[in-house]
Amino acid sequence: MTAIWTPHLTVAAIIEREGRFLLVEENSDGRIVLNQPAGHVEEGESLAEAVIRETLEESGRRFIPEAIVGIYRWHSPLNGITYLRVAYSGHCSDRDRDISLDSDIITTHWFSYAELEERIASLRSPLVMRCIDDYLSGKRLPLNLIDELN
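Residues numbered from 1 in each chain as written. Predicted model: local features only at pLDDT ≥ 70, side-chain atom pairs only at ≥ 80, totals over all residues. Heavy atoms only, no water.

Participant: In this structure, what is going on with the packing of aromatic side chains? I would like to understand it.
Facilitator: Here a ring pair, both rings aromatic, is described through the centre-centre distance and the interplanar angle of the planes. Under the counting rule described, the total for this entry stands at two aromatic pairs. Aromatic pair F21 and Y135: ring centres 5.8 Å apart, planes at 90 degrees, arrangement edge-to-face. Taken together, the residues F21 in strand 2 (residues 20-28) and Y135 in helix 3 (residues 127-136) connect sequence positions 114 residues apart. Take F21 and Y135: they sit in the same class, and that class is buried. (Phe/Tyr/Trp six-rings, centres within 6.5 Å; stacked < 30°, edge-to-face > 60°. Helix = DSSP H or I, 4+ residues; strand = E, 2+ residues; numbered from the N terminus. Buried < 20%, exposed > 50% of the residue type's maximum accessible area, 1.4 Å probe, protein only.)

Participant: For this particular structure, what's the right way to read helix 1 (residues 47-59)?
Facilitator: Between its first and last C-alpha, helix 1 extends 18 Å over 13 residues, near the 18 Å set by a 1.5 Å rise per residue. Listing the buried residues of helix 1 in full gives L47, A50, V51, R53, E54, T55, E58 and S59. Considering only its buried residues, helix 1 is in contact with strand 1 (8-17), strand 2, strand 4 (38-40), strand 5 (63-75), strand 6 (82-92) and strand 7 (105-112). In the segment just after helix 1, G60 is the residue with positive phi, at about 70 degrees. (Expected span 1.5 Å × (residues − 1). Contact = heavy atoms within 4.5 Å.)

Participant: What's the story with unusual backbone geometry in this structure? I'm lost.
Facilitator: Residues other than glycine predominantly adopt negative phi, and peptide bonds predominantly adopt the trans conformation. Look at E18: it is not a glycine, yet its phi comes out positive at around 50 degrees. Structurally, the position occupied by E18 is in the loop between strand 1 and strand 2. The phi torsion at D29 lies on the positive side, around 50 degrees, for a residue other than glycine. Secondary-structure assignment places D29 in the loop between strand 2 and strand 3 (31-35).

Participant: Would you mind going over the nonpolar core with me for this structure?
Facilitator: Considering soluble globular proteins, one finds that nonpolar side chains tend to be buried as a cluster. Counting 18 residues, the largest nonpolar core has I14, F21, L23, L116 and L123 as the members making the most contacts within it. When residues of this core are traced back to their parent elements, those giving at least two are strand 2, strand 5, strand 6 and helix 3. Ranked by size, the runner-up nonpolar core spans 12 residues in total, among them A13, V51, I68 and V86. (Core = buried A, V, L, I, M, F, W, Y, C linked by side-chain atoms within 4.5 Å.)

Listed below in structure tokens is the structure:
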């Protein structure tokens, strides 16, 4: 029997405040990169639960999803993995300093779009700017686009 190919299912939080976007600075495969709070969906977890958890673990902020910005498929030339990313927009709380961030997270930043353009080479993947561009263009899909059947 042939093995069934599957992409890595990930989620990301697009969080904008006063024209600035929340990004995490993290260690990824020996590189220091910038990314939205994002990560893999764990078994038994809904996608919304995953983006809430990942945002808390990576930024120390409680995220409330409001819409889906998009669903993206990207094949990484660095590791050969194909990712299927569901990007949510929403808002978050201020940083809870009592929450320890994931060990690969260095810090968090709020960047304007222009500041992100200056850091293109530091972005973890092209998904970072694509999600922000789609968000800025007004792309919003309802949360119930994803029907979680248990």
